[in-house]
Amino acid sequence: MERRSFVRGAGLAGVLAAGAAPAIVHAQANIRWRLASSFPKSLDTIFGAADVFAARLKDMSGGKFVVSVHAGGELMPPFGVVDGVQNGTVEMAHTAPYYFFGKDDTFALGCAIPFGLNSRQMSAWMFQGNGLKLMREFYRNYNIVNFPGGNTGAQMGGWFRKEIKSLADMKGLKFRTGGFGGKVMERIGVVPQNIPGGEIYSALEKGTIDAAEWIGPYDDQKLGFNKVAPFYNYPGFWEGGPQLDFYINSKAYDALTPEYKAMVASAAAAAHVDLQADYDVKNPSALKALVGSGTKLVRFPKDVMEAAFKESMALYSELSGKNPNWKKVYEDYANFRRDQNLWFRFAEAGFDDFMQQQKL
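Values in this document were obtained by computation on a predicted structure and should not be read as measured data.

K.L.:
Would you mind going over unusual backbone geometry with me for this structure?
P.N.:
Excluding glycine, residues mostly carry a negative phi; peptide bonds, for their part, are mostly trans. Residue Pro 235 is reached from Tyr 234 by a cis peptide bond, and omega for that bond is -10°. Along the chain, Pro 235 turns up in the loop between strand 9 (231-234) and strand 10 (243-249). At Phe 115, a residue that is not glycine, the phi angle is positive and equals roughly 60°. Mapped onto the secondary structure, Phe 115 falls in the loop between strand 3 (92-95) and helix 5 (119-127). Despite not being glycine, Asn 143 shows a phi value in the positive range, around 55°. Along the chain, the position of Asn 143 falls in the loop between helix 6 (131-139) and strand 4 (144-151). For Asn 143, a relative accessible area of 34% translates into the label partly exposed.

K.L.:
It is not clear to me how the nonpolar core should be interpreted in this structure. Could you clarify?
P.N.:
The tendency in soluble globular proteins is for nonpolar side chains to be buried side by side. By size, the foremost hydrophobic cluster in this structure holds 112 residues, and its most contacted members are Phe 53 and Met 170. The element best represented in this core is helix 11 (residues 258-292), accounting for 9 residues. When near neighbours in sequence (up to four residues on either side) are disregarded, Phe 53 contacts Leu 35, Val 67, Met 92, Phe 246, Val 264, Ala 267, Ala 268 and Ala 271.

K.L.:
Can you walk me through the sheet that holds strand 10 in this structure?
P.N.:
Sheet strands associate in pairs through backbone hydrogen bonding, adopting either a parallel or an antiparallel arrangement. If you trace the 5 strands from one edge of the open sheet to the other, you get 2-1-3-10-4, paired in mixed fashion. Edge positions in the open sheet fall to strand 2 (65-70) and strand 4, since each of these has one partner strand only. Pairs of neighbouring strands in the sheet enclose a mean axial angle of 25°, with direction left out of account. Packing against the sheet, helix 5 makes contact with strand 4 and strand 10, and its axis sits at approximately 150° to strand 4.

K.L.:
Could you clarify how one ought to interpret the packing of aromatic side chains in this entry?
P.N.:
Any pair of aromatic rings gets described here by the distance separating the centres and the angle formed by the planes. Under the criterion given, the structure shown has 33 aromatic pairs. Judged by centre distance (6.4 Å) and plane angle (55°), the rings of Phe 39 and Tyr 99 are tilted. Taken as a pair, Phe 39 in the loop between strand 1 (31-37) and helix 3 (48-60) and Tyr 99 in the loop between strand 3 and helix 5 lie far apart in primary sequence, 60 residues in all. We classify Phe 39 as buried; its relative accessible area is 0%. Judged by relative accessible area, Tyr 99 falls into the buried class, the value being 8%.

K.L.:
I tried to follow the pairing of strand 10 on my own but got confused; where do I start?
P.N.:
Regular strands place side chains that alternate from one sheet face to the opposite one. With 7 of 7 residues buried, strand 10 lies mostly within the body of the structure. The alternating pattern of strand 10 places Gln 243, Asp 245, Tyr 247 and Asn 249 on one face and Leu 244, Phe 246 and Ile 248 on the opposite face, and all of these are buried. Bridge analysis of strand 3 against strand 10 gives 4 bridges, and the strand direction is antiparallel. Of the residues in strand 10, the one forming a bridge with His 94 is Phe 246. Sheet topology places strand 4 next to strand 10; 6 bridges connect them, and they run antiparallel. Opposite Val 145, over in strand 10, you have Ile 248 as the bridge partner.

Conventions we followed
- Residues numbered from 1 in each chain as written.
- Predicted model: local features only at pLDDT ≥ 70, side-chain atom pairs only at ≥ 80, totals over all residues.
- Heavy atoms only, no water.
- Helix = DSSP H or I, 4+ residues; strand = E, 2+ residues; numbered from the N terminus.
- Buried < 20%, exposed > 50% of the residue type's maximum accessible area, 1.4 Å probe, protein only.
- Core = buried A, V, L, I, M, F, W, Y, C linked by side-chain atoms within 4.5 Å.
- Contact = heavy atoms within 4.5 Å.
- Pairing = 2+ DSSP bridges.
- Axes fitted to C-alpha atoms, helices over the stretch in contact; angles between N-to-C directions.
- Phe/Tyr/Trp six-rings, centres within 6.5 Å; stacked < 30°, edge-to-face > 60°.

What follows is the structure, given as structure tokens:
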């Protein structure tokens, strides 16, 4: 799935890598773009995907197409990047689409929704299903052309000052959770807080919030959450496979030559694959270190999961009844999720279940 999509846009890159750039490449104009990230530089994983994109694009173009990458807050607020791309303040951004569900809930379907697709399923829907087509149709309303820009894989459920033993313990909890997932949390009694990654530790340390989730062990350890909250819950059922996106201003994208457009697609595909590989390499050792230093791993109680699932399905039905954009995309998404879960039940889940019980 990912390989086929990458190969389609990588032919030119292969020629360049071999040192035989065709004459048409040399005839391309020099281009300088700015990319506004929603993430701080300290998070080398998720922020780093934009660096990978920029480096690949520069290499493929022989230095003619250069994108400068700017951390969240450097050019604009982390949650201001959609407006920045839409109005042409910057040519592109790297962000998590569900941050912008306040504009339209449909944004979340391009990233993650509670009890949605896992990372492989999300990439399959995007590259070989109807996901990219449907989301691009939606993003036209915002002068944006999107490219998948990485996936964190299933995330952890966050850091809690007190152990969650039942659904009752979630009531009234001030919980930092990213984007759309807060809608479901609210329905089970949580008070969601939407705070940028670089500001979470301070809020948790000061007691402004009772709990917080970010991504997973590697980033969470770097941010120091274990120093102010001992309980580490799992799974992050609202983020089973959150996809990041590269957003490009449609006018800037349309002005590119076909060759440059192919390079953009290839560079984005490379960054997409690289990001999750980076997390999958770094998270295991980070989790061991956290547990070794006293972190207590706690699985969300069954009644929390069941209540959240019930409320998620009810929310999606309500949105389909009042938001035509959501309805159009979600119907395809839900059908794809149903078939994927049937397949994964027998293949991936069967294999994983056996392997995780073995002593390796």
